[in-house]
Amino acid sequence: MLLAELLVRQARLQPDRAAIFHGTQSYANYWQWAARSAGLAKRLTEAGLSPGDRVLLYLNNHPRYLEILWAAWWAGLVVVPVNAKLHPREVEWIIENAEPGWGFVSQDLLQAPLAGLKHQVEVESALMDELLTPLPNPLTWPLEARQPEDTAWLFYTSGTTGRPKGVMITQRNLLTMGMSYFVNVDQIHPDDAMVYAAPMSHGAGLYAIPHLMAGARHLVPTSGGVDPDELMALGRALGPMTTFAAPTIVKRLVDHALHHGLTPQQSAQIWKTIVYGGAPMYLADIQRALQVMGPRFVQIYGQGESPMTITAMSRDLLNDTAHPSYLHRLASVGLAQAPVQLQVVDDAGLPLPNGQIGEVLVKGDSVMAGYWRNPQATAAAVRGGWLWTGDVGCLDDEGFLTLKDRSKDLLISGGSNIYPREVEEVLLTARGVAQAAVVGAPHPEWGEEVVAFVVAQEDYRPSVAELDAHCLEHIARFKRPKRYLFVKDLPKNNYGKVLKTVLRQSLGAQDSH
Ligand code: AMP
């Protein structure tokens with residue numbers, strides 16, 4: 001099946017069923033969604049766009065996001081979803097690279113029209129209304145033929161270093177991702193509701209696919225983002241809901257539940273499932289989340305190049321507290337998702353025995369077709385069908401993968417490899433530590449030395465001696481930080497990932513305590 005057919009199927013099967021909500025307001029049933037998407041598909045085709053042409057989405061989360069995605073796929077086009085938090089200049093670079101003729105934008109993101117776009121349409125404009133005028137019978141408007149290997153989603157990597165690369169994600173990749181959700185993440189019933197709190201340009205938006213496969217409801221908060229009060233109200237009105245959240249967002253939801261004194265049963269009325277991933281979830285944080293909100297979490301590990309689909313840790317595994325390896329499993333990212341194979345290899349690409357740390361490789365139908373117009377980068381990333389993820393980890397005998405770090409974050413001090421993640425995990429269990437990030441600072445003698453950035457909890461600020469003693473108790477002496485820098489917050493990118501490059505740059509500009 002093609003992505004566009006998923007919508008046609010629901011429009012045929014359950015035309016009157018509520019499909020999209022904007023806040024608590026019903027926005028479209030399945031027939032209306034299909035009718036508007038078919039209308040836009042028709043007008044884009046009539047405007048001269050052909051299958052394979054790109055269209056840009058530089059939008060805040062909006063119900064029309066879904067209509068535009070499916071219109072583009074209906075017309076055989078490739079969507080280029082851009083994070084709304086990017087600077088217009090960064091977006092212009094993407095336009096130069098992807099060459100979309102048309103772009104759909106949110107006015108408040110722009111001061112001037114984007115350079116390089118022939119047609120720029122504001123998402124709430126009269127022109128957009130016109131373009132989305134429903135066709136009386138969407139089922140009569142033909143779907144453009146597409147092959148499974150045709151690109152559907154051209155996603156620019158978040159690029160914490162260097163220029164972002166366009167990741168070509170195909171129809172097959174996305175359908176595989178959607179089906180894998182049912183096997184590895186969760187069941188979806190037509191009464192369920194996916195809420196798009198995280199950016200729809202990323203994983204959260206991709207989860208529209210399995211929810212469309214199931215004919216479920218799609219909720220777009222009016223704030224377009226993560227407002228825990230709004231989400232609570234939305235969940236009480238239309239929930240329980242499912243969402244995808246980075247660990248930093250999970251933390252906010254947990255704090256909010258605590259603040260409101262919600263029991264796990266009350267959280268269950270708001271949230272069916274919270275899928276987390278996209279960045280490391282620390283052991284202490286997931287334990288707290290499970291305790292406060294109950295068994296509603298599932299973890300996934302993926303990357304732009306194999307979206308949402310490398311490993312998963314199911315709800316059952318996350319709650320199997322009696323298992324002798326529970327804590328080890330909890331600290332892992334789970335098991336390979338059904339459609340992929342996993343390997344951990346050495347620098348030469350040779351598989352390592354279980355327990356040994358190396359680069360994580362993944363192969364399967366979720367792996368990208370390559371980088372857009374960048375065969376060199378593609379050849380470096382995908383070799384013999386195996387995607388080199390740049391993540392470093394190890395497998396255990398049962399198949400659980402534990403990530404240690406990104407390979408480039410690996411720190412080498414006095415010839416010994418140190419995985420910052422391990423040190424961060426320990427610091428986070430020390431009294432008074434709210435957040436911690438560990439980086440390497442150049443050192444004349446050791447090559448690098450371990451430096452910890454620490455955000456103290458509001459009510460207690462630990463001393464350096466306490467942190468040092470705590471580390472000595474839990475990890476090898478050579479791994480403990482040689483310097484502690486207390487900061488108010490950690491710099492994070494749009495997806496909530498800590499920007500270690502920024503931390504490294506700031507070294508020397510801070511006072512040690
Ligand atoms: P992106 O391509 O921007 O989605 O970033 C993907 C990267 O985020 C992966 O290569 C991992 O380094 C990291 N990541 C994703 N999911 C997880 C997870 N569940 N645990 C730890 N790191 C993760």
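Here the structure is shown first, and the text comes after it.
Since this is a predicted model, take the numbers as computed values, not measurements. (Residues numbered from 1 in each chain as written. Predicted model: local features only at pLDDT ≥ 70, side-chain atom pairs only at ≥ 80, totals over all residues. Heavy atoms only, no water.)

Colleague: Help me out: how do you make sense of the overall build of the chain in this one?
Modeller: Within the chain one finds 18 helices and 26 strands. Taken over C-alpha atoms, the radius of gyration comes to 23 Å for the chain, in line with the 24 Å a tight globule of 513 residues would show. A principal-axis box enclosing the C-alpha atoms of the chain has dimensions of 70 × 50 × 45 Å. Across the 513 residues that make up the chain, the buried fraction comes to 57%. Within the chain, contacts between residues at least 6 apart in sequence are counted, and of these 68% link residues at least 24 apart. On the chain, roughly 20900 Å² of surface is accessible, and the fraction owed to carbon and sulfur atoms is 51%. With 43 positive and 51 negative side-chain charges, the chain shows a separation of 0 Å between the mean positions of the two kinds. (Helix = DSSP H or I, 4+ residues; strand = E, 2+ residues; numbered from the N terminus. Rg over C-alpha atoms; globule rule 2.2 N^0.38 Å. Buried < 20%, exposed > 50% of the residue type's maximum accessible area, 1.4 Å probe, protein only. Contact = heavy atoms within 4.5 Å. Areas by Shrake-Rupley, 256 points an atom, 1.4 Å probe, with all protein chains shown as cover. Lys, Arg positive; Asp, Glu negative; His and termini not counted. Charge placed at Lys NZ, Arg CZ, Asp CG, Glu CD.)

Colleague: Looking at this structure, how should I read the pairing of strand β2 (residues 25–29)?
Modeller: Two faces belong to every sheet, and in a regular strand the side chains alternate between them. Across four bridges, the pairing between strand β1 (residues 18–22) and β2 is antiparallel. Bridging from a neighbouring strand, H22 pairs with Q25 of β2. What sits between β1 and β2 in their antiparallel hairpin is a turn of two residues, with G23 showing a positive phi close to 60 degrees. (Pairing = 2+ DSSP bridges.)

Colleague: Would you mind showing me how to read the environment of G235 here?
Modeller: Its location among the elements puts G235 in helix α9 (residues 228–238). Of the residues examined, G235 reaches a relative accessible area of 2% and is grouped as buried. A sequence separation of 37 residues divides G235 from K272, and the C-alpha atoms of the two residues are 9.3 Å apart.

Colleague: Is there a simple way to think about the pattern of salt bridges in this case?
Modeller: Pairing is possible between side chains that carry opposite charge, provided their charged atoms lie close to one another. Following the criterion strictly, the structure yields 19 salt bridges and no others. The residue E149 makes a salt bridge to R172 at a minimum N-O spacing of 3.9 Å. Taken together, the positions of E149 in the loop between α5 (126–131) and β7 (151–156) and R172 in helix α6 (residues 171–185) put the pair 23 residues apart, joining distant regions of the chain. When its relative accessible area of 47% is taken as the criterion, E149 is described as partly exposed. Classification of R172 by relative accessible area gives partly exposed; the value is 35%. (Salt bridge = Lys/Arg side-chain N within 4 Å of Asp/Glu carboxyl O.)

Colleague: When you look at helix α16 (residues 420–427) in this model, what are you seeing that I'm missing?
Modeller: Because each turn of an α-helix spans 3.6 residues, side chains separated by three or four positions end up pointing in the same direction. Buried residues dominate α16, accounting for seven of its eight residues. Those residues of α16 that fall on the buried side of the exposure criterion are P420, R421, V423, E424, E425, V426 and L427.

Colleague: How should the environment of W93 be read in this particular structure?
Modeller: By the secondary structure assignment, W93 is in helix α4 (residues 88–98). Taking the C-alpha atoms as reference points, W93 and P164, separated by 71 residues in sequence, lie 9.1 Å from one another.

Colleague: I tried to follow unusual backbone geometry on my own but got confused; where do I start?
Modeller: Among all residues save glycine, negative phi is the norm, and among peptide bonds the norm is trans. In this structure, the amide linkage connecting G239 to the following residue, P240, adopts the cis form with an omega of 0 degrees. Relative to the helices and strands, P240 is located in the loop between α9 and β11 (241–245). Located in the positive-phi region is E99, a residue other than glycine, with phi close to 50 degrees. Secondary-structure assignment places E99 in the loop between α4 and β5 (102–105).

Colleague: I'm lost on the sheet that holds strand β10 (residues 217–220) in this one. Help?
Modeller: Sheet strands associate in pairs through backbone hydrogen bonding, adopting either a parallel or an antiparallel arrangement. Within the open sheet, the nine strands sit side by side as β2-β1-β10-β9-β11-β12-β13-β14-β15. Their pairing is mixed. The open sheet has two free edges, formed respectively by β2 and β15 (335–336), since each of these has just one partner strand. This element, α6, spans β11, β12 (271–276), β13 (297–303), β14 (306–313) and β15 of the sheet and lies at about 10 degrees to β14. Those strands touched by helix α10 (residues 247–259) are β11, β12 and β13, and its axis lies near 145 degrees from that of β12. (Axes fitted to C-alpha atoms, helices over the stretch in contact; angles between N-to-C directions.)

Colleague: What exactly am I supposed to notice about the side chain of E449 here?
Modeller: Structurally, E449 is set in strand β25 (residues 447–456). Of the polar contacts made by the side chain of E449, one reaches the side chain of R483; its length is 3.3 Å. When residues no more than four places from it in sequence are discounted, the contact partners of E449 are L411, S413, V439, G440, A441, H443, K482 and R483. (Polar contact = N/O pair within 3.5 Å; in protein donor to acceptor, adjacent residues only side chain to side chain.)

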